[in-house]
Each structure stands twice: as structure tokens, then as C-alpha cells.
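Take a look at the letters that make up each chain.
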Amino acid sequence: GEDVEQSLFLSVREGDSSVINCTYTDSSSTYLYWYKQEPGAGLQLLTYIFSNMDMKQDQRLTVLLNKKDKHLSLRIADTQTGDSAIYFCAETLYNQGGKLIFGQGTELSVKP
Amino acid sequence: EAQVTQNPRYLITVTGKKLTVTCSQNMNHEYMSWYRQDPGLGLRQIYYSMNVEVTDKGDVPEGYKVSRKEKRNFPLILESPSPNQTSLYFCASSPRLGWGYTFGSGTRLTVV
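Starting from 1, residues in each chain are numbered consecutively following that chain's sequence as written. Here the convention is simple: chains get letters from A, ligands get numbers from 1, in the order in which they are written. It should be noted that, the model being predicted, local features are given only for residues of pLDDT at least 70 and side-chain atom pairs only at 80 or more, the latter also being counted only at that level, while totals for whole chains, interfaces and linings use all residues. Hydrogen atoms and water are omitted, and side-chain values are computed over all heavy atoms in the structure.

### Looking at unusual backbone geometry
No. 1: In the segment running from Asn-7 of chain B into Pro-8 of chain B, the intervening peptide bond is cis, with an omega of -5°.
No. 2: Topologically, Pro-8 of chain B is positioned in the loop between strand E1 (4-7) and strand E2 (10-13).
No. 3: A positive phi is found at Lys-70 of chain A, a non-glycine position, where the angle reads about 55°.
No. 4: A helix here means a DSSP run of H or I that spans at least four residues, while a strand means a run of E at least two residues long, and both kinds are numbered starting from the N terminus. Mapping Lys-70 of chain A onto the fold places it in the loop between strand E7 (61-66) and strand E8 (71-76).
No. 5: Burial classes follow relative accessibility: with a 1.4 Å probe on protein chains only, a residue under 20% of its type's maximum area counts as buried, one over 50% as exposed, and anything between as partly exposed. Judged by its relative accessible area of 24%, Lys-70 of chain A is partly exposed.

Right under this line is the structure:
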């Protein structure tokens, strides 16, 4: 079946790196995404990775993809208090109308 | 500014009183979709549309209707709202199936 799993909470100190992990089940997914949700706000697309890539770097963000283990991670370098939010991993299911399957979200808390 | 606009942002209504949540995008996107977000259940797709006059059910369509008469608009209709439809609703659009979803800011609906 389709399922995306993430740990629920992560707490780091300002300036440290944060690593948020995600596992997915659909090996046919072509695009995998990371979204950020701040309190009272919508979902902001942070970054994405194609399934034929192993890594993607975008400023402070690094996405690593292990297709064999169906494991996706998001690393935030030099984490700031403004990075405190809920982070969602998502995959696209093309055989089901292109819907996004979201993980439960990881709440990142950054302490000064 | 490229965006997905939902209205209203907040709505409190009574059981059985028909309501419509509007969604409009100014990016000429073909694909639009509605999701609801509930604690412990994450984000689930309600309906999606691949183009004008083409709509299909997502995972939780019961109690909802949609229409896509124009490319830019994708309203969500609750003909007879019930308390179990109390939720945070998001509209999303993308230029093509499974790619680069942009989300609206959300509509928090309470049905009493």
C-alpha cells in the first residue's frame, strides 16, 4: 500500500544541522517533495528531487535519496529559529491521478 | 504574484447549511486539487481536476462536490455540512500531473 512515514518531533540548537528522515513505499514515484508549514500558514514547497537522483543541494538544504531503501532525508545546515515549523515529506502517485501522499509531518523546534 | 487564493480563510457554519470554498490560481495551471488536513490523519486528497470539465474523486470525497468550469477556478462545495467536516482545507495547483504543486493558505472550517 501507499504510506509515507516520518518521525514526529526533532529538536536542535540554533546553528546546528537538522536532519529530517522519511520513508516511502511506492517505488514508482518519480517526484519526492519536502514541504514546510508554519503555524497558521499553508504548505510551502521547499525542494524536490527526481527519483533518478541521489542528492540535491539548494543553499542550506540538502536532500538525499536512497532508492533501494526508499529513504529520503532533508538536511538543513546552520538551522535558525525561523526554520521552526512542520516539515512534510510527500510522494506523487501517478497511477492514482497524481495525488500527493504526505507523511504525518516532523515538527522541528529550534532552540536559541 | 503567482499564487493560489482561497476564500474564506476562516468559516464557522451550522450543520446542513450549504457552503462553497473558492479557489483560484493565476498561473494557468491545468491540474488542481483539494486536500483536508486533520490532526493524526495528515493531509488527504478530496477531489482533483486534470483540466476544465475533468474532475475525479480522491481518497475522501464523501460529502463534497467540485466543479471546474474555468481553468483558474476550482470551488469546493459542501451541500450539507456536518461536524465531521470540520477541518483545515487546502487547494493546490500544478502545471502538470504530479509536478510542482503550489498550495493556497488554507481555509479553516468549523461546522457546529
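### Details of the interface of chain B and chain A
No. 1: Facing the 23 residues of chain B at the interface are 21 residues of chain A.
No. 2: Summed over both partners, the accessible area lost on bringing two parts together, with a 1.4 Å probe, is the buried area. Here chain B meets chain A over a buried area of about 1,700 Å², counting both sides, of which 54% is carbon and sulfur.
No. 3: Counted as salt bridges are all cases of a side-chain nitrogen of Lys or Arg within 4 Å of a carboxyl oxygen of Asp or Glu. Seen at the junction of chain B and chain A, the total is zero salt bridges.
No. 4: Contributions of two or more residues to the side of chain B that touches chain A are made by strand E4 (31-38), strand E5 (42-51) and strand E9 (87-94) of chain B. Here, residues are in contact when the closest pair of their heavy atoms is within 4.5 Å.

### A short note on the sheet that holds strand E6 (residues 55-58) of chain A
Residues and elements named next belong to chain A.
No. 1: The antiparallel open sheet is built from five strands, whose spatial order is E1-E3-E8-E7-E6. Two strands close off the open sheet at either side, each with one partner strand: strand E1 (4-6) and E6. Recorded for the sheet is a direction-independent mean angle of 15° between the axes of neighbouring strands.
No. 2: Two strands pair when backbone bridges link them, and E6 and E7 are joined in this way by four bridges, in the antiparallel orientation. In the strand pairing of E7, Asp-58 is matched with Leu-61. Strands pair, by our definition, only if DSSP identifies at least two bridges between them. Angles shown run from 0 to 180 degrees and are taken between the N-to-C directions of axes, each axis being a line fitted to C-alpha atoms and, for helices, limited to the stretch in contact.

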